[in-house]
Every structure is written in C-alpha cells, then in structure tokens.
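# Tertiary structure, described
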Amino acid sequence: MPPIQSAALPGHNRGAQREIEILDLIDARLRWLATWTIHNANHNRESRDGLKVGGHQASCASMTSIMTALYFHALKPEDRVAVKPHASPVFHAAQYLMGRQTREQLEAFRSFGGAQSYPSRTKDKDDVDFSTGSVGLGVAITAFASLMQDYLSGHGWLADDRRGRFVATLGDAELDEGNIYECLIEAYKHDIRNCWWIVDYNRQSLDATTADRMFDRFDDIFETAGWRVVTLKWGKAQMRAFARPGGKALRDWIEACPNADFAALTYRGGAAWRERLMADIGRGAGVRALLESFSDDDLHQLMIGLGGHCIETLTEAFDAAQDDTPTLFIAYTVKGFGLPLQGHKDNHAGLMTPTQVETLRVAMGVPEGREWEPLAGLSSDEAAEVRAFVEAAPFARPAQRRHTAPAVPVPSRVEFPSPDGAEQSTQAAFGRILLDLAKSGHPIADRIVTTSPDVTVSTNLGGFVNQRGLFRRRETADVFRDAKIPSPQRWAGKAAGQHVELGIAEHNLFLNLAAFGLSAPLYGERLLPIGTVYDPFISRGLDALNYACYQDARFMLVATPSGLTLGPEGGAHQSIYTPLIGIGQPGLTYFEPAFVDELSEVMRWSFQHMQADDGGSVYLRLTTRTLAQVERTSDDWREDALKGGYWLKAPGAGADAAIAFCGAVAPEVLAAAEALADDIPGLGVLNVVSPGLLHRDWMASRRSRWNGQGRRESHAEALLGRLAPGAGFVTVVDGSPATLSWLGGVRGQRVSSLGLDSFGQVGDLPDLYRHYGLDVDAIVDACAELFL
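Reading the values: the criteria
- Residues numbered from 1 in each chain as written.
- Predicted model: local features only at pLDDT ≥ 70, side-chain atom pairs only at ≥ 80, totals over all residues.
- Heavy atoms only, no water.
- Core = buried A, V, L, I, M, F, W, Y, C linked by side-chain atoms within 4.5 Å.
- Buried < 20%, exposed > 50% of the residue type's maximum accessible area, 1.4 Å probe, protein only.
- Contact = heavy atoms within 4.5 Å.
- Helix = DSSP H or I, 4+ residues; strand = E, 2+ residues; numbered from the N terminus.
- Pairing = 2+ DSSP bridges.
- Expected span 1.5 Å × (residues − 1).
- Phe/Tyr/Trp six-rings, centres within 6.5 Å; stacked < 30°, edge-to-face > 60°.
- Patch = residues over 30% accessible without salt bridge, like charges linked within 9 Å, V, L, I, M, F, W, Y side chains within 5 Å.
- Areas by Shrake-Rupley, 256 points an atom, 1.4 Å probe, with all protein chains shown as cover.
- Salt bridge = Lys/Arg side-chain N within 4 Å of Asp/Glu carboxyl O.
- Axes fitted to C-alpha atoms, helices over the stretch in contact; angles between N-to-C directions.
- Polar contact = N/O pair within 3.5 Å; in protein donor to acceptor, adjacent residues only side chain to side chain.
- Right-handed = clockwise from strand over helix to strand, strands pointing away.
- Parallel < 35°, antiparallel > 145°, perpendicular 65-115°, else oblique.
- Nonpolar A, V, L, I, M, F, W, Y, C, P; charged D, E, K, R; others polar.

Counting 116 residues, the largest nonpolar core has Trp197 and Leu743 as its most contacted members. Not counting chain neighbours up to four residues away, the residues in contact with Leu743 comprise Ala660, Val688, Leu694, Leu720 and Phe729. If you look at the next biggest cluster of nonpolar residues, it comprises 68 residues, including Ala41, Val81, Val83 and Tyr96.

Here it is, written out as structure tokens:
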C-alpha cells in the first residue's frame, strides 16, 4: 500500500486532515472492490452459457471518490439516494464496508439471486432507496420524492427531524435524457428543495467523448431553473500547482484542452502529458521548471487529479451546501480513474484483463487470496482506524430506513359510492365516486392524492379538487374566484391540498406517481395516489410507468377516453394497443369496466390491492361514452368480476357459441346477441372486466402445473368450461384484437377477434364502429361466419 499523501492545504486542521486521509483509504477500497466484483463475475465465475456477464469498471472508477464523500461523510440516515446505474458495484462495495452487504451477494453479482446489475429496491438485498436501471429516471424521481416529502410535511404526517435530502448521482451522458429537463421545469414550478444532483462529469459516453461546447451550458440551464450550480473542476493538488510560477499557463491549457485530447492523453500517461505540454506552453514563464518538478508518474497524477477525485474538494463542497436550495454539483472526473483503461474512448463496457487486475492488486497491496476482504491491503492500525471511522459515519449508524405503514381502511361495498343513473360513462362515474369519497369524511379520503398532466378537468378530477384543494407549499389564491368571475373550478392552493397539478409531460406524471406511491416504505405514511391521463398518451411516459412498477410503487392510473370513444378528436387521441400494455406490464393490474357498478367494485378492490403486501398498482381504462346500465337481479356477478370476468348473459347448457367483450362496446355486443338469439340458441355473453387479471391468473395456473405444484383451474378455464368442448366465440374490444384473442387458447376453442389494428380517424361512433368492424352488423357477421 503506498504511503498516505494528504491533499490538505498548509495549515489544515490535523483532525480534518486525518479524516481526508481515511476517506482516501476508503476511496481506494471501493475502487478495488468494485473492480474485483466485476472481474470475478466475468473471469473467475463459471460461465454456463458463454455470454459476457459485463459490468462497467471504468464508470465505477470515476465514481468512487464521489460515493466515498457521500456515504462516509455527507449523508445522514434520513437522506435518500438514487445511485448512478453503472456505479452499482461501488454502491454495493460501500454497503459491504458498512456491514450491510454480504460477500456472497458480491460474488454472485449479475447472477441469479445476487447483487443486481443496477441498483434495485425490490431485487437487491441491501438498502437501495430508488431503482436506477433506466438512465435519467432515477435522477428525476428524487425531485418528485422531495415534493412528496413536502406533501407529507404539509399534512402534518412528517416531523422535521425525519426530513432528509434527496440525492442523485448521475453520469454526464444522462443529462442527454429529455425527462431530466421536463422534470426541471416541474420542479421549478413546485419550488422543490432538499435535492442534490451530483454529475460524474467524465465527458465520455458509451460511443465517444461528449461535445466540448456543453461545458458551460448546464450551468445556464440549471441556474435558470432556480438551482445552485457548484462546479468541482480542480483538485487541491492542482490548485497548489496553479499557484506556482507557470501555474496559470497550465490552468489555461487545461481549460482550453478539448475533451477528446484530454481523454487520449490520460490513457497515454505522464510522458505524453509532458511532451504535449512542453510543445504547447513550454516556453511560458516558469512552465518548464514547474513541469520538471514532477516525475512522469506524478505529472500524470496531477493532470488527472480533478475535483471529482479529490476527497477534500468534494467534502468541502458538500459541507457548504447545507441549506435546502436544490443544487447541481458538476464534479469533473476521469472515466476509468486509476485503472489501465482510464481515458480510452472504448472503456465504457471494457473489462480489464486478468493480468491487468493482478497488476492492480499488487499495486494496491491486496494480498493474494484476500481479495474479498473489505480492508485488505491496510495495516492492522489503518484497518482499525478505518473500521472505527466507518462505524461512526452518520449514514452508517443504526436507523430504520425501510418502513411499513398501517393500512388505510377501505369502505365496505355497501358504503362505497356507486353513482346512480340510467345512462352513464365510466369516466364521469369515476369523478363522481372520488367526489363522494371526498365529501364522506371517511379516513380513505384524507390519504388520496390526485395528480394529472394538465387534464385535471377533462378527466373528471375537478369535483375532487374543488372539495380538497390544490397542494402548494405556499398558499395561493384563486384569482378568478376572488374577482367574482364565474367558474365551476376552484384553484386555490394550500399545504393541506390533495391535488398535484402537473404540466403536459407524461414522464413527470409517472415519476410523480412513483414517488408518492413509495411513501409507505420510505416514511411509513401511506398515500393512495391516483393519476389521470388521456389513454393514448400512456405511451409517451411508458418507460417511466415501467420504472414505477419495477420498484413496486403503488398507485392507480386512470386513463380515458379509451379506444375510438373520443371520435371527433381523431386518430392522435384514440388508443389502440394500450390494453396490451395493461396485460403485459408486471406490477400493474388492468381493468376495463363497462358499467358503473363494476367500476365502483373495481375501485374498492383497487384501494385494497394498492395496500396489500402482495399487491401492486392498478390501471383503469375508462370511456367518455355513456352506456345504459344493466339491471341486476343479484350480486352473483361481483366475485367473478373481481377475478377478471363474468357471464353477463349465461350460456345455455353445452352451448356452442358466445361473445366475449370488454368496455365501451357493450351496447353493440348486447344488441348483436339479441339479434342472434333465434339463430343461435343459448348464446352467452361474457363480460371481461379485467383482461389483465384474467390472463395473469391463467398463466399462473399453467405455471403451477409446469412447476409440479399441482393442477389449479384458472378462472378463464372455469368460465369457458360452461361452453361445449368444440364451441367457439367472438371477442370484441375497442382496442387491439389481441387483447382477448388469447382466450381461444385457454381450452383450444375457435375464436374470431374484432378490434382495432390501424390508426383511427375523425368521426362519430356509428361511422367509426362501422368502418372498423365494431358495430352490430360486424359482430353478427363474425358470429355467422364462425357459428353458422
């Protein structure tokens, strides 16, 4: 192990100087452990499939100093961190040093059951706050989590001593992600605070070095959005060199050096630095003497000793930013710092060879056979001092960081609102149910928080907002109301408000739902977030929706209008394949109720499911189309509806034919069934309330057989078992026909599927349903072709 060389300035307090020295030792341990973890996964562990395991040794190396300064100096237990995805091994190594991660998990990195490729709050066994696999999303969620923390405080559910800071570490290439800037705008509007974003500014992405002209632009962008920008470009050793004769010329040269040139010289090393510097500025006053005072190795270390690799620079910057102002730290780093592949433009996914790793092991003083020891390479005195320092670090102290929250009572079926009316749309009924809950005084109403990307009124949230108010940290008046200008909407804001209004950016909607949907595990305070959006625009935020579900955030997504049912708006506002998203998205249960009493039952079930240990989030696909409500003679349908579907019209004994449908096409299906009653006696009508639930249950049943767990009949099998073995059925949905076509495979029955497989256009529903084959005649023709 090389001797400790303090980065402290002359006159620096000895206690603070020793802290820097210890943090430098920890930094080196993290760099070794991250490198070794990836090396072990790719070279030492048996490969049974011959595929590259991968990992990002260079991306880890550029982050170790930042992670050291954060986890072992700056963070408190109340703080929450979204770790740069490619720095996952560094995070696990830091947890390992704190005794919160096991060697077995590190040895199994990127293998089944081991530490995950990217930090995952649901898959990893150590303390991950936010999953960060999809670049950019883990950064933005910290801003919405800060908003969620303010929401809890505003409602009196979070004491000040439990409040923390939300930190994101990110690679500079993540700043290319558009959702970052959508988030910045929303964060500015909501005056978010207690947020740090720390950029590993190594100026290299997967394909190449980043554009030189971006050096100053991030400052402008973030400062315009109300952020403090702190640039950490120089390490302390560099600053001392700059203060010497010739130092200004050296600093100016580095400032002007193109990114690609700096990276190439970093890869080539000290002699290349000297040759280039002498050629460019060697004739300047004092430059030759300055350069000759360093050996080639020392000159190399000086040139790459940027602010993001200087523990003292980092800790000073973090200590100086202790107010609640959102802050962007731009930490200049070298990709692959301290490794033989540092600076190489292809190092992003590059792996060190066994020979290179062995050379690094020797250079770091790690004894052979002790590569996994957390403090290998340190003397016994150093190890004891580091161990004591780690145990005393604020973030390492015992604290409860994962919480459980008591369940919010859900009204019984009798208590739950079910709006009356001969004809209603599910979208309007949804708004009425929420309004009735808001007025009810039931405990559930206080825990509902709604949000929408500027479609609050058009998705029927207006009544709830009028009753419960907008959430604002600072009280805002309803100017139109105060001026006595008539309007049905009340838009006054207050800290106790329960609606978070967003701009038109679906990524922000889903990230906000993700953050608010994690309030229970993060704080032990349960919220029931409900987000509304136009159904076709789910696709615009689909990555963020998947991200929210992946970390098991709990929320209700209400999307409307569905299918063609906003006909005059045209194809851009009509949805086709969103039911397939609902069926295929893990962690999300999709419902498409046709009738209001079904919707009421589904929403009651959803509030329970959102809180269950084995629950998840819910997606309701609703419609603006008003439907005549069916008359019920019993409650027999309810249990089956919550399993995915029920017979709206039971098939005759051993019937050979049925029509299965979901959602808005109920009138056409019922009219077609009536028209076919004489020609096809016993024709059944199956109302599929949840294609997603029905499909998921069927697949679970099949897996139970494949896994040798015994045969279990799925609900879909039970329903279709009412038909004759050789029976067939027509499926109808205002969406992709694949939504229900899979039902034919449940019992091997014939199926003819109707739905949309091309973009819609403007028109009223009769014209559109006729054109796309969803009207009564089309259903009758499909039945005739299949059954007659």
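Moving on, we come to the pairing of strand S10 (residues 499–502). Residues His499 and Glu501 line one face of S10 and the alternating positions Val500 and Leu502 line the opposite face, and both faces are buried. Here strand S7 (residues 448–453) pairs with S10 via four bridges, running parallel. Bridge pairing links Thr450 to His499 in S10.

A cis amide bond, omega -5 degrees, links Thr560 with the succeeding residue Pro561. Mapping Pro561 onto the fold places it in the loop between strand S12 (556–559) and helix H25 (578–584). Positive phi outside glycine occurs at Asn194, with the angle close to 55 degrees. The topology assignment puts Asn194 in the loop between helix H7 (178–189) and strand S3 (195–201). Located in the positive-phi region is Asn460, a residue other than glycine, with phi close to 70 degrees. By the secondary structure assignment, Asn460 is in the loop between S7 and helix H20 (462–468). By relative accessible area, which is 25% here, Asn460 ends up partly exposed.

With 12 residues, H7 should reach 16 Å at 1.5 Å per residue; the first-to-last C-alpha distance of 18 Å fits that figure. Buried residues along H7 sit against helix H6 (137–154), S3, helix H8 (217–224), S10 and helix H22 (506–516).

In this section: the packing of aromatic side chains. Inspection of the entire model under this criterion finds 24 aromatic pairs. Where Trp197 meets Phe222, the ring centres are 5.9 Å apart and the plane angle is 80 degrees; that geometry is what we call edge-to-face. Placement of Trp197 in strand S3 and of Phe222 in helix H8 is noted, with a sequence separation of 25 residues between them. As far as burial versus exposure is concerned, Trp197 and Phe222 are alike and both buried.

Side chains of Val479, Phe480 and Ile485 sit close together on the surface and give an oily, nonpolar patch of about 310 Å² of accessible area. Checked against the element boundaries, Val479 lands in helix H21 (residues 479–482). Under the relative-accessibility criterion, Val479 is labelled exposed at 60%.

Here we come to the sheet that holds strand S17 (residues 655–662). Whether parallel or antiparallel, the strands of a sheet pair through hydrogen bonds between backbone atoms. Reading across from one edge, S16-S18-S17-S19-S20 is the order of the five strands in this open sheet, with mixed pairing throughout. Taken across any chain shown, the strands that pair with only one partner, and hence form the sheet edges, are strand S16 (645–649) and strand S20 (750–754). Neighbour to neighbour, the strand axes of the sheet diverge by 25 degrees on average, direction disregarded. Where S17 and strand S18 (residues 684–688) come together, four bridges link them in parallel fashion. In the sheet register, Ala658 faces S18, and the bridge partner there is Gly684.

Right, let's talk about the pattern of salt bridges for a bit. Going through the model one piece at a time under the given rule, you end up with 49 salt bridges. With a shortest N-O distance of 2.7 Å, Arg18 and Glu21 are connected by a salt bridge. With a gap of three residues between them, Arg18 and Glu21 both fall in helix H1 (residues 14–44), about one helical turn apart. Both residues of the pair, Arg18 and Glu21, belong to the buried class. Each of the salt bridges in this network shares a partner with another, and the network as a whole consists of Asp150, Arg163, Asp191, Arg193, Asp324, Arg473 and Arg474.

Turning next to the sheet that holds S3. Here we have five strands laid out as an open sheet, ordered S1-S2-S3-S5-S4, and parallel in their pairing. Two strands close off the open sheet at either side, each with one partner strand: strand S1 (80–82) and strand S4 (228–232). Neighbouring strand axes in the sheet, compared pairwise and without regard to direction, differ in orientation by 15 degrees on average. Across the sheet, H8 is in contact with S3, S4 and strand S5 (327–332); its angle to S4 comes to roughly 155 degrees.

Let us look at the side chain of Ser575. Relative to the helices and strands, Ser575 is located in the loop between S12 and H25. A polar contact of 2.6 Å, which involves the side chain of Ser575, links it to the side chain of Asp535. Side-chain polar atoms of Ser575 contact the backbone nitrogen of Gly563, separated by 2.9 Å. With near-sequence residues (within four places) excluded, Ser575 lies in contact with Asp535, Pro536, Pro561, Ser562, Gly563, Arg621, Asp734 and Leu756.

With that settled, consider the pairing of S3. Taken across its seven residues, S3 has seven buried, putting it largely inside the fold. Judged by which residues are buried, S3 turns out to be covered on both faces: Cys195, Trp197, Val199 and Tyr201 on one side and Trp196, Ile198 and Asp200 on the other are all buried. One crossover worth recording links strand S2 (residues 166–171) to the parallel S3 by way of H7, and it is right-handed. As paired strands, S3 and S5 are joined by six bridges and run parallel to one another. Across the sheet, the residue bridging to Trp197 is Leu328, located in S5.

With that settled, the discussion passes to the packing of H6 against H7. The geometry of H6 relative to H7 is characterised by a closest axis approach of 9 Å and an angle of 10 degrees between their N-to-C directions. Taken together, the axis directions place H6 and H7 in an arrangement best described as roughly parallel. Between H6, through Leu137, Val139, Ala140, Ala143 and Phe144, and H7, the contact on the second element is made entirely by Asn179, Ile180, Cys183, Glu186 and Ala187. Looking at side-chain class alone, the contact of H6 with H7 contains eight nonpolar, one polar and one charged residues.

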